[in-house]
Amino acid sequence: MSGAATGVLRAEHELLGAEFERTERATPPAVLAYPHEEVDGAGALLADLTGATYLLVSGADAGRFARAALAGRLLDVGEAAHEAALSGTGELISVPLLVRTGDTEVVVIDALDASGTLAAWLALLGDAGADEGRAAFPDLSLRDASDLLVPLMLAGPRARAVLEDYVHGDDALPGPGEVRQLRLDAITAVVAHPAAPVEPSAYLILAPVPAAHVLWRSLLSFTEVEPVGHRTLRSLLARRLPWRARLAEGAPARVSRSELESWGIVRGDGSFVGGRALT
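Residues numbered from 1 in each chain as written. Predicted model: local features only at pLDDT ≥ 70, side-chain atom pairs only at ≥ 80, totals over all residues. Heavy atoms only, no water.

Asks: Please clarify how empty space enclosed by the protein should be interpreted in this entry.
Replies: Any empty space left between atoms is shown by rolling a water-sized probe over those atoms. Counting across every chain of the model gives 3 cavities of 30 Å³ or more. By volume, the largest cavity is sized at about 160 Å³. Residue lining of the largest cavity: 16 residues in total, with His82, Leu97, Ala111, Met153 and Leu237 positioned closest to the centre. Looking at side-chain class alone, the lining of the largest cavity contains 14 nonpolar, 1 polar and 1 charged residues. Estimates place the volume of the second largest cavity at around 70 Å³. For the second largest cavity, the lining is made up of 13 residues, of which Ala66, Arg67, Leu74, Leu75 and Leu98 are closest to its centre. Sorting the residues of the lining of the second largest cavity by element identifies α3 (62-69) and β8 (97-102) as the ones contributing at least two each. (1 Å grid on protein atoms, 1.4 Å probe; cavity = no way out; pocket = protein on both sides within 12 Å on 5 of 7 lines; lining within 4 Å. Points joined across faces, edges and corners; volume = space filled by probe spheres on them. Nonpolar A, V, L, I, M, F, W, Y, C, P; charged D, E, K, R; others polar. Helix = DSSP H or I, 4+ residues; strand = E, 2+ residues; numbered from the N terminus.)

Asks: Sorry if this is basic, but what is going on with the pattern of salt bridges here?
Replies: Where charged atoms of side chains with opposite charge meet at close range, the side chains can pair. Per the counting criterion, the structure on display carries 12 salt bridges. Close ionic contact of glutamate 261 with arginine 257 constitutes a salt bridge, the shortest N to O distance being 3.7 Å. A residue pair is termed a helical-turn pair when its members lie 3 or 4 positions apart in one helix, as glutamate 261 and arginine 257 do in helix α8 (residues 257-263) at 4 residues. In this structure glutamate 261 comes out as partly exposed when scored by relative accessible area, which is 41%. A relative accessible area of 18% places arginine 257 in the buried class. (Salt bridge = Lys/Arg side-chain N within 4 Å of Asp/Glu carboxyl O. Buried < 20%, exposed > 50% of the residue type's maximum accessible area, 1.4 Å probe, protein only.)

Asks: Sorry, what's going on with helix α4 (residues 117-126) here?
Replies: Structural remark: α-helix, 3.6 residues per turn; residues separated by three or four positions point the same way. Taken together, the buried positions of α4 are Leu118, Ala119, Trp121, Leu122, Leu125 and Gly126. All buried residues of α4 lie within an arc of 165 degrees about the axis, which places them on one face of the element. Buried residues belonging to α4 abut β4 (53-58), α3, β6 (85-86), β7 (91-94), β9 (105-110) and β10 (141-144). (Arc of directions from axis to C-beta. Contact = heavy atoms within 4.5 Å.)

Asks: What should I look at first to understand the sheet that holds strand β3 (residues 44-48) in this one?
Replies: Across a sheet, paired strands are connected by hydrogen bonds in the backbone, their directions being either parallel or antiparallel. Strand order in this open sheet of 6 strands is β12-β13-β14-β11-β3-β15, and the pairing throughout is mixed. Each end of this open sheet is capped by a strand with a single partner; those strands are β12 (178-184) and β15 (225-227). Adjacent strand axes in the sheet meet at a mean angle of 25 degrees when their direction is disregarded. Sheet analysis places strand β11 (residues 149-155) next to strand β14 (residues 202-208), joined by 7 bridges and oriented antiparallel. When the bridges of β14 are listed, leucine 152 appears paired with isoleucine 205. (Pairing = 2+ DSSP bridges. Axes fitted to C-alpha atoms, helices over the stretch in contact; angles between N-to-C directions.)

Asks: Is there a simple way to explain the nonpolar core in this structure?
Replies: A general feature of soluble globular proteins is that nonpolar side chains tend to end up buried together. Judged by nonpolar contacts, the single largest core of 41 residues is most densely connected at Leu49, Leu86, Leu92, Val99, Leu204, Trp243 and Leu260. In this view, valine 99 contacts Glu79, Ala80, Val106, Val107, Val179, Ala192 and Leu204; residues no more than four positions away in its chain are not counted. In terms of nonpolar packing, the next biggest core, distinct from the first, is built from 32 residues, Leu46, Val162, Ala189 and Val225 among them. (Core = buried A, V, L, I, M, F, W, Y, C linked by side-chain atoms within 4.5 Å.)

Asks: How should the pairing of β8 be read in this particular structure?
Replies: A regular strand places its side chains on the two faces of the sheet in alternate fashion. Within β8, 5 of the 6 residues are buried, leaving the element largely enclosed by the surrounding structure. When strand β5 (residues 80-82) meets β8, the two strands line up antiparallel, connected through 3 bridges. Looking at the pairing, histidine 82 lines up with leucine 97 of β8. Sheet analysis places β8 next to β9, joined by 5 bridges and oriented antiparallel. Looking across to β9, one finds that valine 99 is bridged to valine 107. The turn joining β8 and β9, which pair antiparallel and follow one another in sequence, is formed by 2 residues.

Structural data, given as structure tokens:
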């Protein structure tokens, strides 16, 4: 099977004795867990987000689609933020991380969307009106991006220090809410730093497929870095993300506008799917 079907880093995970998640989805399986994961005392945790919802939204309508499908603030190129995805009746479906990588490119990633509910909803919105020949977003492509750039998350109190070891010259790691293309030693990668409430420091690294093995092994060479699977990652994120408790059942949840605003994941103009239904 190809790397796109099994996951680019599958062989690396197998060397570590990984258990893979069983799924009916078309995306590569996620690493569920490694034997004897050492979370307590680790300076930084490293996770391969392959198998989570990971979409590249591209085309001339990508920005307009993101503004309609996601309820958070309007991002400029080089910004990243968690944003609410609402149903047409105003229920909270999920809260992915949106990364604006270009004028016509947006990355949507959600490590907590194990069922693929968000991906299916966004695909439905993207196809709106197409059957009647009146596509709402005629120049739009949504595709799983697992075979384009490998998504890694490095998080923990030592995460920034570890990554700074790779950055040289005038380059600098992104601040909260920023995304930059950097050279991590000899590897050019996209690095995003989600803003609070994801603390301690967490970085999303989108690594080119040919260099993903090298970067994975290099990061694990740091004694303070420990690999974790999605089960541990979801548990840790659930403690940090205030909306996780409302989505614990895996079904859309009724959440008030004031609550969404307190989390900073909805904008005030209501110009998004479900905006008029919020109370």
